[in-house]
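Residues per chain are reported as follows:
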Amino acid sequence: QVQLVESGGGLVQPGGSLRLSCAASGDIFSMNGMFWYRQAPGKEREWVASISPRGTALYADSVRGRFTISRSNAENTIYLQMNSLKPDDTAVYFCKAVSSGLSYWGQGTQVTVSP
C-alpha cells in the first residue's frame with residue numbers, strides 16, 4: 001500500500017506561480033512512475049506530467065514549457081512547479097503513483113487561477 005498526500009495549492013493570479021508537492025509513504029520500495037493529473041469542474045481528468053524513476057519527464061501539450069515535474073527520492077516526494085499560470089489551469093490536481101502494477105491516488109489539492 002502507498003499513501004500520497006498533495007499540498008501547495010491555492011489561489012494565484014494569472015501569470016503567477018505555485019509549487020505543488022506530493023509526499024509518498026507506506027510501501028514505496030517498489031514504486032515506479034509517478035504522475036500529476038488535474039480535473040476541472042465538468043471535465044474529465046487530464047494527464048499533466050509524468051516522471052520516471054530515473055527522472056525523465058513528460059508533459060501534456062497544454063503545460064509544456066510552463067510546468068516542471070521533479071522528484072526528491074531522499075524525501076519520497078515529487079513536485080510540480082507551475083509558472084505562467086492561466087485561468088484554464090484551474091483544477092484539482094492529483095498525484096498518482098504506480099507500484100507493483102497498482103495505481104495509487106492522492107486526495108487532490110485545489111489550484112485556482114483568477115484575477
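Look above for the structure.
Residues numbered from 1 in each chain as written. Predicted model: local features only at pLDDT ≥ 70, side-chain atom pairs only at ≥ 80, totals over all residues. Heavy atoms only, no water.

A.B. asks: Just to check I follow, could you spell out the sheet that holds strand 8 (residues 77–82) for this structure?
C.D. replies: Remark on secondary structure: sheet strands pair via backbone hydrogen bonds, oriented parallel or antiparallel. Ordered in space as 1-3-8-7, the four strands form an open sheet in which the pairing is antiparallel. A strand with exactly one partner marks an edge of an open sheet, and here the two such strands are strand 1 (2–7) and strand 7 (67–72). Direction aside, neighbouring strands of the sheet carry axes that sit 15° apart on average. When strand 7 meets strand 8, the two strands line up antiparallel, connected through six bridges. (Pairing = 2+ DSSP bridges. Helix = DSSP H or I, 4+ residues; strand = E, 2+ residues; numbered from the N terminus. Axes fitted to C-alpha atoms, helices over the stretch in contact; angles between N-to-C directions.)

A.B. asks: I tried to follow the layout of surface pockets on my own but got confused; where do I start?
C.D. replies: Any empty space left between the atoms is revealed when a probe the size of a water molecule rolls over them. Computed from the structure, the largest pocket encloses a volume of approximately 170 Å³. What lines the largest pocket is R38, A40, K43, E44, E46, S62, R66, K86, D88, D89, T90 and A91. In terms of residue class, the lining of the largest pocket is made up of two nonpolar, two polar and eight charged. (1 Å grid on protein atoms, 1.4 Å probe; cavity = no way out; pocket = protein on both sides within 12 Å on 5 of 7 lines; lining within 4 Å. Points joined across faces, edges and corners; volume = space filled by probe spheres on them. Nonpolar A, V, L, I, M, F, W, Y, C, P; charged D, E, K, R; others polar.)

A.B. asks: So what exactly am I meant to see when it comes to the nonpolar core here?
C.D. replies: The nonpolar side chains of soluble globular proteins are, as a tendency, buried together. One finds L4, M34, W36, L80, M82 and Y93 to be the most contacted residues of the largest nonpolar core, which totals 31 residues. Elements with a minimum of two residues in this core: strand 1, strand 3 (18–26), strand 4 (31–39), strand 5 (46–51), strand 7, strand 8, strand 9 (91–99) and strand 11 (109–113). (Core = buried A, V, L, I, M, F, W, Y, C linked by side-chain atoms within 4.5 Å. Buried < 20%, exposed > 50% of the residue type's maximum accessible area, 1.4 Å probe, protein only.)

A.B. asks: How should I be thinking about the state of the cysteines in this particular structure?
C.D. replies: Each disulfide is one covalent bond, formed between the sulfur atoms of two cysteines. Summed over all chains, the structure comprises one disulfide. Shown here is the disulfide that connects C22 with C95, its sulfur atoms set 2.2 Å apart. One quick way to see it: the torsion about the S-S bond of C22 and C95 is about -80°, and its sign makes the bridge left-handed. Taken together, the residues span a long stretch of sequence, with C22 in strand 3 and C95 in strand 9 at a distance of 73 residues. (Disulfide = S-S within 2.5 Å.)

A.B. asks: Which parts of the structure should I look at to understand unusual backbone geometry?
C.D. replies: Leaving glycine out, the prevailing phi sign among residues is negative, and the prevailing peptide bond configuration is trans. Notably, S84 is not glycine yet its phi reads approximately 50°, a positive angle. Tracing the sequence through the fold places S84 in the loop between strand 8 and strand 9.

A.B. asks: When you look at the pattern of salt bridges in this model, what are you seeing that I'm missing?
C.D. replies: Any two side chains of opposite charge can pair, on the condition that their charged atoms come close. For the structure on display, the rule yields four salt bridges. Among the ionic pairs, E46 bridges to R38, the shortest N-O distance being 2.9 Å. Since its relative accessible area comes to 30%, E46 is described here as partly exposed. On the basis of relative accessible area, R38 is assigned to the buried category, the value being 6%. With its nearest N and O atoms 2.5 Å apart, the salt bridge here joins D61 to R64. Judged by relative accessible area, D61 falls into the exposed class, the value being 65%. (Salt bridge = Lys/Arg side-chain N within 4 Å of Asp/Glu carboxyl O.)

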